[in-house]
Amino acid sequence: LRRTHYSKDIEPEMDGDEVTVMGWVHEIRDLGGIIFVLLRDRDGLIQITAPSKKIEKDLFKSIRKLKKESVVAFGGTVQESGKAPGGFEIIPSFLKVLNISKQPLPLDPTEKVKAEIDTRLDARFLDLRKPSVSAIFKIKSRMLHSVRVFLEEQGFLEINTPKLVASATEGGTELFPITYFEREAFLGQSPQLYKQIMMSTGLDRVYEIAPIFRAEEHDTLRHLNEVISIDIEASFVDHEDVMKILENLVVRVIEDVNEHCTDALETLGRTLEVPETPFERLEYDEAVEMVNSKGVPMKHGEDLPRAAEKALGEIMDGYYFITSWPTAIKPFYVMPDEDDPERSHAFDLMYRDLEISSGAMRVHQHDLLVEKIKRQGLNPDSFESYLSAFEYGMPPHAGWGLGAERFNMTLTGLKNIRETVLFPRDRRRLTP
Ligand code: AMO
């Protein structure tokens, strides 16, 4: 028994053709003398139309006994039909039940009955059968594919760095400690130190798409404890150069998603406009003024509180950069501005009120780096293997990290980051 066609491969013009289709029983409508079964596969629905007068008695009986979400194979003849999805139906000649689904279902894949996010995540395998949920992951897959193609075109090499690590990179409080034989170790917060070490190897431009782990205690719609980070690092360039790469990447991904994910976007009711480049660049000081002008109190020198991000999101539409961040609130590896060391060459990429990427030109001088590590209250000894790469010829370099889920939120329009991860990890959730 072999599948001959997916739903998307059958057209009304195939009227009269014999096909075998496989999938899940989405819905059954039994009108007595005629039964309609909607069969669902990855890309859509197929209507199976079974009139008692036209098909064998036994077959009709077994169709009548079908249970929702059971896995079946139907063989039959394609018949043009204006009313059915895709403009065709199948008059069945055989049915094979491949697996029966238990009843009742923990949630309704036809989406007639809405479910809370926790119920959905508990029965995620069923939730993912909904077209509006699988659409998110079709877009995510295309997004990551497009990122890889774009970065390879720009001369980047894909690398893999360890996720079992010895030290913090993004500040000590957000670390997951683990037991590594006799020692303490951590889950990697960012490939930051490794991608910088790679700049001293001469490989020049690298990227990594991999999980990062953050022990964020807070429960928000924008934070998870495990996310995918798209990281790049490039040599002999500055922050402006990597900001250009980032904005061009965003544009390319949107173009590709528009071209290849038309059905998924339609399912989500989403249209994506291709943004114009260069994206607007706001200096940190200007951003603070704008936030204050909205009546949100915030001092120069603080990181943006949530209320400030929201205020900016009301003023700014689409994607924009915030540049020239205070050196004091950015990590030690960020290069201070030569003319005003209180300011740095760090930037964030925002989409309305959501930060989707951070990056910077980096400190490449060993002694300045040691000084900055100390100034942040950290011990340079715990960065020995990182620091030694700066003693034997480290070129100037810059890079960024782009959160794959937050980027996906900007494409899909979703407000809860949990929806953009197959099996999300938050403060309360470690299964499935
Ligand atoms: P940062 O810590 O800003 O920078 O992380 C980069 C991007 O990763 C995403 N992100 C998260 N998304 C959801 N939940 C989280 N808990 C979470 N943490 C991070 C965000 C964020 O903008 N080393 C630097 C990058 C660099 O300078 O190259 C870094 O990790 O989208």
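Scroll up to find the structure this text is about.
Reading the values: rules and limits
- Residues numbered from 1 in each chain as written.
- Predicted model: local features only at pLDDT ≥ 70, side-chain atom pairs only at ≥ 80, totals over all residues.
- Heavy atoms only, no water.
- Near = heavy atom within 4 Å.
- Polar contact = N/O pair within 3.5 Å; in protein donor to acceptor, adjacent residues only side chain to side chain.
- Areas by Shrake-Rupley, 256 points an atom, 1.4 Å probe, with all protein chains shown as cover.
- Helix = DSSP H or I, 4+ residues; strand = E, 2+ residues; numbered from the N terminus.
- Nonpolar A, V, L, I, M, F, W, Y, C, P; charged D, E, K, R; others polar.
- Buried < 20%, exposed > 50% of the residue type's maximum accessible area, 1.4 Å probe, protein only.
- Pairing = 2+ DSSP bridges.
- Contact = heavy atoms within 4.5 Å.
- Axes fitted to C-alpha atoms, helices over the stretch in contact; angles between N-to-C directions.

Student: Would you mind going over the site of the ligand in detail, with residue names and values included?
Tutor: Close contacts around the ligand come from 23 residues, with Q192, K195, E355, S358 and R362 the closest. At 3.1 Å from a nitrogen atom of the ligand is found a side-chain nitrogen or oxygen belonging to S190. At a separation of 3.1 Å, a nitrogen atom of the ligand approaches a polar side-chain atom of Y333. Notes on the ligand: free accessible area 620 Å², of which the protein chains cover 93%. Looking at the shell around the ligand, the element that brings in the most residues is strand β15 (residues 354-361), giving five residues. Per-class residue counts for the shell around the ligand are six nonpolar, nine polar and eight charged.

Student: Explain the pairing of strand β14 (residues 346-351) to me, and be specific about the residues and the numbers.
Tutor: By the criterion of burial, β14 is predominantly enclosed, with six of the six residues buried. Of the two faces of β14, the one lined by A346, D348 and M350 and the one lined by F347, L349 and Y351 are each fully buried. Here strand β13 (residues 319-323) runs beside β14; their pairing, made up of four bridges, is antiparallel. When the sheet's bridge partners are listed, Y320 is paired in β14 with M350. Of the strand pairs in this sheet, β14 and β15 are connected by six bridges, and their pairing is antiparallel. For D348, the partnering residue across the bridge sits in β15 and is S358.

Student: Could you give me a rundown of the sheet that holds strand β9 (residues 183-187), with the residues and numbers involved?
Tutor: In a beta sheet, neighbouring strands are held together by backbone hydrogen bonds and run either parallel or antiparallel to one another. Taking strand neighbours across the sheet as the criterion, the three strands line up as β7-β9-β8 in an open arrangement whose pairing is antiparallel. The two strands at the open ends of the sheet, each matched to only one other strand, are β7 (164-165) and β8 (177-180). Note: β7 against β9, two bridges, orientation antiparallel. Among the inter-strand pairings, V165 is bridged to a residue of β9, identified as F186.

Student: Describe the pairing of strand β3 (residues 44-51), listing the residues and the values that go with them.
Tutor: In terms of burial, β3 is a largely internal element, six of the eight residues being buried. The sheet contact formed by strand β2 (residues 34-41) and β3 spans eight bridges and is antiparallel. Its bridge partner lying in β3, I35 is registered against A50. Between β2 and the antiparallel strand that follows it, β3, lie two residues. Bridging between β3 and strand β5 (residues 88-99) involves two bridges; their strand directions are parallel. If you follow I48 over to β5, its bridge partner there is I90.

Student: Please set out the sheet that holds strand β12 (residues 280-283) residue by residue, giving values where relevant.
Tutor: As summarised here, the arrangement of the eight strands in space is β6-β10-β11-β16-β15-β14-β13-β12, forming an open sheet in which the pairing is mixed. Among the strands making up the open sheet, the edge pair consists of β6 (157-158) and β12. With four bridges joining them, β12 and β13 adopt parallel strand pairing. Looking across to β13, one finds that R281 is bridged to F321. Along the sheet face, helix α4 (residues 131-153) touches β6, β10 (205-213) and β11 (226-235) and points at about 155° away from the line of β10.

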